[in-house]
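Reading the structure
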Amino acid sequence: MAAANHNPFVNETSFYNQMVLSHLLPSSLWEPLPHFLQTWLRNYLAANMLYFISGFLWCFYIYYVKLNVYVPKESIPTRKTMIKHISVAMKAMPWQSLLPTVTEYMVEHGWTLCYSTVDHFNWFLCFLYIALYLALVEFGVYFIHKELHDNKFLYKHLHATHHIYNKQKTISPFSAYAFHPLDGIIQSLPHVISLFIVPIHLRSHLILLFLEGLWTANIHDCIHGDIWPVMGAGYHTVHHKTYKHNYGHYTIYMDWMFGSLKAPLAEEEDSFKEK
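Per an unreviewed UniProt entry, the recorded name for the protein chain is Delta(7)-sterol-C5(6)-desaturase 2, and the organism is Camelina sativa. Checking UniProt for the protein chain, the heading Sequence similarities (unreviewed entry) contains the comment "Belongs to the sterol desaturase family." Of the protein chain, the UniProt comment under Subcellular location (unreviewed entry) reads exactly: "Membrane".

1. A look at a nonpolar patch on the surface
On the surface, Phe-139, Phe-143, Trp-228, Tyr-253, Trp-256, Met-257 and Phe-258 cluster together into a nonpolar patch covering about 850 Å² of accessible area. Elements with a contribution of two residues or more to the nonpolar patch: helix H6 (123-150) and helix H11 (253-258). The dominant element in the nonpolar patch, judged by the number of residues it contributes, is H11, at four residues. A residue is classified by how much of its surface remains accessible, and Trp-256, at 61% relative accessible area, is exposed.

2. Regarding the packing of aromatic side chains
Tallying each qualifying case throughout the model produces 21 aromatic pairs. Seen from their ring centres, Tyr-61 and Tyr-70 are 6.3 Å apart, and the 40 degrees between their planes marks the pair as tilted. You can call Tyr-61 partly exposed: its relative accessible area is 31%. Aromatic side chains Trp-123 and Phe-127 sit 6.0 Å apart centroid to centroid with 35 degrees between the ring planes, which places their arrangement in the tilted category. Note that Trp-123 and Phe-127 are positioned in helix H6 at a spacing of four residues, about one turn of the helix. Classification of Trp-123 as partly exposed rests on a relative accessible area of 48%. Residue classification places Phe-127 among the exposed residues on the basis of a relative accessible area of 53%. Joined through ring pairs, the aromatic side chains of Tyr-51, Phe-52, Phe-56, Phe-174 and Tyr-177 make up one cluster.

3. Let's talk about H6
Taking 1.5 Å as the rise per residue, H6 with 28 residues should run 40 Å; its terminal C-alpha atoms sit 41 Å apart, in good agreement. Looking only at H6, the buried set comprises Cys-126, Ile-130, Tyr-133, Val-137, Glu-138, Gly-140, Val-141, Tyr-142, His-145, Leu-148 and His-149. Structurally, H6 contributes buried residues whose contacts are with helix H7 (152-157), helix H8 (181-193), helix H9 (202-218), helix H10 (233-242) and H11.

4. Describing the environment of His-180
Note that His-180 resides in the loop between H7 and H8. Using a relative accessible area of 28% as the deciding quantity, one classes His-180 as partly exposed. For the pair formed by His-180 and Phe-60, sequence separation is 120 residues and the distance between their alpha carbons is 26 Å. Residues in contact with His-180, not counting those within four places in the same chain, are Gln-96, His-157, Leu-158 and Thr-161. Within the structure, His-180 has its side chain in polar contact with the backbone nitrogen of Leu-182 (distance 3.1 Å).

5. Overview of the side chain of Glu-108
Inspection of the secondary structure puts Glu-108 in helix H5 (residues 98-108). Buried and unpaired, Glu-108 has no salt bridge, with Arg-42 as the nearest side chain of opposite charge at 6.1 Å. Among the polar contacts listed, one links the side chain of Glu-108 to the side chain of His-35, at a separation of 2.8 Å. Ignoring anything within four residues of it in the chain, the contact list for Glu-108 reads Asn-7, Phe-9, Val-10, Thr-13 and His-35.

6. Quick notes on the UniProt feature "domain: Fatty acid hydroxylase" (unreviewed entry) in the protein chain
The UniProt record marks residues 131-260 with the feature "domain: Fatty acid hydroxylase" (unreviewed entry), using the residue numbering of this structure. Secondary structure content for residues 131-260 is 55% helix and 0% strand, and the end C-alpha separation is 24 Å.

What counts, and at which threshold
Residues numbered from 1 in each chain as written. Predicted model: local features only at pLDDT ≥ 70, side-chain atom pairs only at ≥ 80, totals over all residues. Heavy atoms only, no water. UniProt positions renumbered as here; feature names shortened; annotations may be inferred. Patch = residues over 30% accessible without salt bridge, like charges linked within 9 Å, V, L, I, M, F, W, Y side chains within 5 Å. Areas by Shrake-Rupley, 256 points an atom, 1.4 Å probe, with all protein chains shown as cover. Salt bridge = Lys/Arg side-chain N within 4 Å of Asp/Glu carboxyl O. Helix = DSSP H or I, 4+ residues; strand = E, 2+ residues; numbered from the N terminus. Buried < 20%, exposed > 50% of the residue type's maximum accessible area, 1.4 Å probe, protein only. Phe/Tyr/Trp six-rings, centres within 6.5 Å; stacked < 30°, edge-to-face > 60°. Expected span 1.5 Å × (residues − 1). Contact = heavy atoms within 4.5 Å. Polar contact = N/O pair within 3.5 Å; in protein donor to acceptor, adjacent residues only side chain to side chain. Lys, Arg positive; Asp, Glu negative; His and termini not counted.

Following this line, the structure appears as structure tokens:
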């Protein structure tokens, strides 16, 4: 731990490890672990907490509190379906937690353009870099997602695991992470690559990853919010149906520019409902 006294990034990630692990596990189980494994364990447990808490709360709200308001009763996924989503996600979670862990390792060793403090920093540039970071993520996710569909080998062996959920009654917030482990890692790569291109505060990067987790659950609830230019759940549900539209991430811009945008029209939304 001595090295942590001289490396602000290690100090910061050690603080996050302490904050999460000390509240979830006895110290004897995690303190003897090397820093890298502590970070992986923290990411794994935090990802599971985010997945289950956001999934349960959101499903409870839209399927029970707001029954027949957002989702018709006959279109609610069954418990068996959601348990299947959770089962697939749990198999992938240990591996998907590895990517942010490796990313933090690279940040700690100074291999990225991440910075550790905003002291004496130009705040305009700080927000500009966040905007550029998000634009790069948007660009990268679009083309990676599209390639996972266009390349028959990648689709068959990786992305098809997620696309067995192709209508409203088989899609839920729990299906958000029901991926082949390598598929989830590949689709997250733009977040890592961007760190080598755009300077960004480490804490901002971690907050954006947290918001990414919430967003991924949200776009699998099949509720069309119709907030331009957001690539909301309505657009993503169309993607699960047609397999060749709406590859974008947060916005519709990339699909609009490259001709793959398909709006969730009312008659298309009705086709997801069970007769």
